[in-house]
Amino acid sequence: MTTLLILLAIFAVFLLAMNLWTRSLMREGLKTVPQMGQILPVRGGRIHYVEKGDPNAQTIVMIHGLAGQLQHYTYALVDKLAEQYHVIALDRPGCGYSIRDSADLARLSEQARMIAEFLAAKEVSGAILVGHSLGGAVSLAMALDFPERVGGLALLAPLTQKLPGTPAVFKPLEIRTQWLRRLIGNTLAVPIAAKTAPHTLGAVFDPETPPSDFLDRAGGALGLRPSAFVTASEDVIGVDLSISEQVARYDALRTPGAILYGTEDAILSAPHHGPPMERFGLGYEVIDGAGHMILITEPDRCAAFIAGVASGIVASAAIPHEGQPTN
């Protein structure tokens, strides 16, 4: 009994030490990447966003992927597009400086609902959604459930189909019990993330090289928080629970748009997630040799792709339908 108590005491001290280390890393991360935008409350949480460009121009709404934040877009794409468009980049519910109140809000339909409520509060309709990775799946959910808010889809390396399994680099996030997520998030996850960041980034960007300023300019340091781990874990499970139902509804998709993929994407298979969506009206383009993080590594190509989708949709909307007056 004495030995057991000693072991439990040692374990408790270890967890306390890891928690203190976690808090130190979290403070450093928040200092490195401070809040840069505005906050808007929605049912079940709040949305943090940045806005740039002429509000009277076509609105482009940018939704990032798993374990990301809006800085993935402010890194380069927002400025490239804001000269011509009204651009809103947001933190998905629970990510960055956004908040969501419970794990069940990680389902694709709930994330879509929260962002749609945000757009309604902003009085935005007919937006071009730019969704990267998991953000692509959320964009598709919005097009299915809130078509009045979505004018088009410009999806970058999107998740569109059920995965055969969680990508290896995200496998540690596959935790289905909330108390265990929170325990790991507040003790082990952040120090381990800090130590393994070069390997993780290398895997996500493969075969391309992560930029040296990813932790600050692209907001990566915000991942060094317990909430970031908990949210990402909830997202992995929430997607797994809801993607099959979404895929079964694609026949009802009526929103125009296109998909852009890197041919060497090491996180999501381009052939698995891109071409199947052509039958639902989405075009498919590739960047030879590019990986998963094309929004950062190929900003010029992505900006041209997004502008092309937006221009085509705006031009199509301007063409009068049969019986509609031309003046």
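Residues numbered from 1 in each chain as written. Predicted model: local features only at pLDDT ≥ 70, side-chain atom pairs only at ≥ 80, totals over all residues. Heavy atoms only, no water.

Engineer: Give me the lowdown on the side chain of Thr255, citing residues and values where you can.
Structural biologist: By the element assignment, Thr255 lies in the loop between α9 (226-247) and β8 (257-262). The buried category is assigned to Thr255, whose relative accessible area is 6%. For Thr255, the contacting residues outside a window of four places in its chain are Ala143, Val150, Gly151, Gly152, Leu153 and Leu282. (Helix = DSSP H or I, 4+ residues; strand = E, 2+ residues; numbered from the N terminus. Buried < 20%, exposed > 50% of the residue type's maximum accessible area, 1.4 Å probe, protein only. Contact = heavy atoms within 4.5 Å.)

Engineer: If you had to explain the pairing of strand β4 (residues 86-90) to someone new, which residues and values would you point to?
Structural biologist: Taken across its five residues, β4 has five buried, putting it largely inside the fold. Residues His86, Ile88 and Leu90 line one face of β4 and the alternating positions Val87 and Ala89 line the opposite face, and both faces are buried. Both strand β2 (residues 45-52) and β4 contribute to a ladder of four bridges, which runs antiparallel. What sits directly across from Glu51, in β4, is Ile88. Sheet topology note: the strand β3 (residues 59-63)/β4 ladder contains five bridges and is parallel. Pairing of Ile63 across the sheet is with Leu90, part of β4. (Pairing = 2+ DSSP bridges.)

Engineer: Explain the packing of aromatic side chains to me, and be specific about the residues and the numbers.
Structural biologist: Inspection of the entire model under this criterion finds three aromatic pairs. Each ring, one from Tyr250 and one from Phe280, has its centre 5.6 Å from the other, and the planes form 55 degrees; the classification is tilted. Separated by 30 residues along the polypeptide, Tyr250 in the loop between α9 and β8 and Phe280 in the loop between α10 (270-273) and β9 (282-287) bring together distant segments of the chain. What makes Tyr250 buried here is its relative accessible area of 1%. A cation over a ring is seen here: Arg225 above Tyr97, with NZ or CZ 5.9 Å from the ring centre. (Phe/Tyr/Trp six-rings, centres within 6.5 Å; stacked < 30°, edge-to-face > 60°. Lys NZ or Arg CZ within 6 Å of the ring centre and 35° of its normal.)

Coordinates in, geometry out; function isn't part of it.
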